[in-house]
Amino acid sequence: MLGNLFVETPKLDSVLHYKRALDINKSIATTTFESNGIGFKREYFSSFPDKAIILILSHFQAFIISENFILKIVFQKPRMCGT
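Given the structure is predicted, the values throughout are model-derived calculations rather than measurements.

Just give me the short version of the overall build of the chain, but keep the residues and values in it.
Looking only at helices and strands, the chain has zero helices and six strands in total. Put simply, the chain runs from its N terminus to its C terminus through helices and strands in the order β-β-β-β-β-β. Within the chain, the fraction of its 83 residues that count as buried is 14%. Considering only contacts in the chain between residues 6 or more positions apart, those separated by 24 or more positions represent 36%. For the chain, the exposed area adds up to about 7000 Å²; of that, 57% sits on carbon and sulfur atoms.

Pasting the structure below:
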């Protein structure tokens, strides 16, 4: 199964200092940004053999994180039906 995972953070005004990074050796993608004077960090790791996506959400100041996660499946392997 292939798809896209969307992470939405409601109530953020403007976003500053947006950066994305990919560490090939550790297979970790990182996104950092700032909004309303608060720094945010998101780290992503996925494992196809384990069929897992790990997402770590961090912030650098007291803030209640409210996230919306949307998974949109783009492709799903067809299943064989036996008779």
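Residue-level account of the side chain of Ser-35, with values.
By the secondary structure assignment, Ser-35 is in strand β3 (residues 28-35). Residues in contact with Ser-35, not counting those within four places in the same chain, are Leu-12, Asp-13, Ser-14 and Phe-40.

Which residues make up the sheet that holds β3, and what values go with them?
Spatially, four strands are ordered β2-β3-β4-β5 in an open sheet, and the strand pairing comes out antiparallel. Bordering the open sheet on either side are β2 (16-23) and β5 (52-59), each of which pairs with just one other strand. Here the strands of the sheet are splayed against their neighbours by 10° on average, with no regard to which way each runs.

Explain the pairing of strand β4 (residues 38-47) to me, using residue names and the numbers behind them.
The sheet contact formed by β3 and β4 spans seven bridges and is antiparallel. Bridging from a neighbouring strand, Thr-30 pairs with Glu-43 of β4. Counting the residues in the hairpin turn of β3 and β4 gives two residues, including Asn-36, whose phi is positive at 55°. Strand direction decides the pairing type here: β4 and β5, joined by eight bridges, are antiparallel. Bridged to Glu-43 within β5 is Ile-56. Connecting β4 to the next strand, β5, in antiparallel fashion are four residues, including Lys-51 with a positive phi near 50°.

If you had to explain the pairing of β2 to someone new, which residues and values would you point to?
Within a regular strand, side chains alternate between the sheet's two faces. With zero of eight residues buried, β2 lies mostly on the surface of the structure. Between β2 and β3, which pair antiparallel one after the other, the connecting turn spans four residues, and Ser-27 there sits at a positive phi close to 60°.

The rules behind these values
Residues numbered from 1 in each chain as written. Predicted model: local features only at pLDDT ≥ 70, side-chain atom pairs only at ≥ 80, totals over all residues. Heavy atoms only, no water. Helix = DSSP H or I, 4+ residues; strand = E, 2+ residues; numbered from the N terminus. Buried < 20%, exposed > 50% of the residue type's maximum accessible area, 1.4 Å probe, protein only. Contact = heavy atoms within 4.5 Å. Areas by Shrake-Rupley, 256 points an atom, 1.4 Å probe, with all protein chains shown as cover. Pairing = 2+ DSSP bridges. Axes fitted to C-alpha atoms, helices over the stretch in contact; angles between N-to-C directions.

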